[in-house]
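Chain and residue survey
What follows is the residue order along each chain.
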Amino acid sequence: MGILYDDVVIINQSEKEEDPTVITINCPDKTGLGRDLCRIILFFGLSIVRGDLSTDGKWCYIVFWVIGNSTTRWTLLKKRLLGVCPSCSSASGLLYYRAELQSPKPPDVFLLTLCCLDRKGLLHDVTRVLCELELTIKKVKVSTTPDGRVMDLFFVTDTRELLHTRKRQEDTHNRLKVIMEDAMISCDIELVGTEITACSQASSFLQSVITEDMFHLEMPNELPSRSLTSNSVSVTMDNMLSPGHTLVQINCQDHKGLLYDIMRTLKDYNIQISYGRFSMRQRGSCEIDLFIVQSDGKKIVDPSKQNALSSRLQMELLQPLRVAVVSRGPDTELLVANPVELSGKGRPLVFHDITLALKMLDTCIFLAEIGRHMIGDREYEVYRVLLDEGDGLPVPRSKIEEGVWKMLMGWE
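Attention here is on the structure that accompanies the text. Everything numeric in this text was worked out from a predicted model, so none of it was measured.

1. Overview of the pairing of strand 2 (residues 9–12)
- Burial along strand 2 is one-sided: the residues V9 and I11 are buried and none of I10 and N12 is.
- Alignment of strand 2 against strand 3 (residues 21–28), held across 4 bridges, turns out to be antiparallel. Residue pairing across strands places N12 opposite V22, the latter belonging to strand 3.

Structure representation (structure tokens):
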């Protein structure tokens, strides 16, 4: 089966910012393709308001209706979406499916060391620039000295795979210089071994401060903020409607990365989607219909498997991230945890949203760290932020927890 290269990903950009842009993907199918596409769309800060997916097991056709903004880089988005579509070989302008012959090698890890004078909102400004440059933060260590200087250590990978070049490093330095102005003292970038970031999987601070009950791993009756009562999440399964598929019907409240959370959960359970439809209703309510099969191509008929998948979907949609503000002696810490995919990837833009929320709350950061930790039987990416109380927190702790939660869920 062949297809013109320009037709693999088509973006029909809307004339008005408030109207949806239509993204069409027509390419060979692969397990986890929907998750990869939704993850990129989430990384670019887009909201999916409608979606359709169909596949015959070999070829996939997906349409997303998304809401962007004036700063959305549509050309770059198309390039990134093309990058996760299965490899194809070209002949006379046509692309033909070619199976992956080998797994891609892990990306190089670089240490970005930034020394600067402290100011409010600095960490978010730096994080925003790194995200715009498509540098993925794998680990971070931020600390403030008594004389008002900040030492930031960012372990990053480069989506563009160019950070080893002098030009890319100079561009990164210059972009940071523009945002920091005279506050920058030094900025260095060096290649480090992957074993450096691997040690974060057992970060010492996490071993001592994280407990399972802190993040309410069972189905919560209430979201982190008392002012946010949980919206009902309904997940039902039906094996009668289709002769060859299990129908999963989901009704829930919309949040940032909703489709990504569904797709990553199904991928972790090795579930394949043959047809799917997503639509947003009034007041942010969503309806999702998915016709799915197991990896063996059969329905899910085992009641225990149905219950396990249904319960996991309910929990992930009701509380895709865990947020807690805790006291650590005289200090106040913000802890945020999100589950890591079985592929090892964490949720994109979490640190960006945390720092933005704290900036909007006029709350300074004294120390920040990212690590991986096993909570229960799952691996979580945990963000620990020690808040600078100085003359006292500008807002109550409950407002900090609520503000961070709203930002992460896209309800700001």
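2. Quick word on a negative patch on the surface
- A contiguous patch of negative charge, built from E15, E17, E18 and D19, is present on the exposed surface.
- Tracing the backbone shows E15 in the loop between strand 2 and strand 3.

3. A word on the side chain of T332
- Counting through the fold element by element, T332 comes out in strand 17 (residues 331–339).
- In this structure the side chain of T332 is engaged in a polar contact, spanning 2.7 Å, whose partner is the side chain of R397.

4. Topic: the pattern of salt bridges
- Here the structure, examined in full by the defined rule, presents 26 salt bridges.
- Its salt-bridge partner being D36, residue R35 comes within 2.7 Å of it at the nearest N-O pair. Exposure class is identical for R35 and D36. Each is buried.
- Between D261 and R264 there is a salt bridge, and its shortest N-O distance comes to 3.0 Å. Of this pair, D261 and R264 both sit in helix 7 (residues 258–268), separated by 3 residues, roughly a single helical turn. Neither D261 nor R264 differs from the other in exposure class; each is buried.
- Look at the salt bridges and you will find they share partners, linking K30, R35, D36, R39 and E341 into a network.

5. Some thoughts on the nonpolar core
- Among the nonpolar cores identified, the biggest contains 53 residues, and F64 and I262 are the most heavily contacted of them.
- Counting residues per element, this core draws most heavily on helix 1 (residues 33–43), which supplies 7 residues.
- I262 has contacts with I250, I288, L290, L313 and L317, leaving out every residue within four places of it along the chain.
- Core analysis: the next-biggest nonpolar cluster, separate from the first, contains 46 residues, L114, V129, F154 and L361 among them.

6. Focus: the state of the cysteines
- All told, the structure shown has 0 disulfides when counted by the stated rule.
- No disulfide involves C115; its sulfur sits 6.6 Å from the nearest other cysteine sulfur, which is in C116.

7. Quick notes on the sheet that holds strand 11 (residues 184–192)
- Strand order in the open sheet made by the 8 strands is 11-8-10-9-18-19-17-16, with antiparallel pairing throughout. Either end of the sheet is taken by a strand with one partner, and the two such strands are strand 11 and strand 16 (322–328). Taking the axes of each pair of neighbouring strands and ignoring which way they run, one obtains an average angle of 25 degrees across the sheet.
- Judged from the 3 bridges that link them, strand 9 (residues 135–144) and strand 18 (residues 364–375) form a sheet pairing that is antiparallel. Residue V142 lies in a different strand from strand 18, and its bridge partner there is A368.
- Set on the sheet, helix 9 (residues 350–360) makes contact with strand 9, strand 10 (149–158), strand 17, strand 18 and strand 19 (378–388); between it and strand 19 the angle comes to about 25 degrees.

Rules and cut-offs
- Residues numbered from 1 in each chain as written.
- Predicted model: local features only at pLDDT ≥ 70, side-chain atom pairs only at ≥ 80, totals over all residues.
- Heavy atoms only, no water.
- Buried < 20%, exposed > 50% of the residue type's maximum accessible area, 1.4 Å probe, protein only.
- Helix = DSSP H or I, 4+ residues; strand = E, 2+ residues; numbered from the N terminus.
- Pairing = 2+ DSSP bridges.
- Patch = residues over 30% accessible without salt bridge, like charges linked within 9 Å, V, L, I, M, F, W, Y side chains within 5 Å.
- Areas by Shrake-Rupley, 256 points an atom, 1.4 Å probe, with all protein chains shown as cover.
- Salt bridge = Lys/Arg side-chain N within 4 Å of Asp/Glu carboxyl O.
- Lys, Arg positive; Asp, Glu negative; His and termini not counted.
- Charge placed at Lys NZ, Arg CZ, Asp CG, Glu CD.
- Polar contact = N/O pair within 3.5 Å; in protein donor to acceptor, adjacent residues only side chain to side chain.
- Core = buried A, V, L, I, M, F, W, Y, C linked by side-chain atoms within 4.5 Å.
- Contact = heavy atoms within 4.5 Å.
- Disulfide = S-S within 2.5 Å.
- Axes fitted to C-alpha atoms, helices over the stretch in contact; angles between N-to-C directions.

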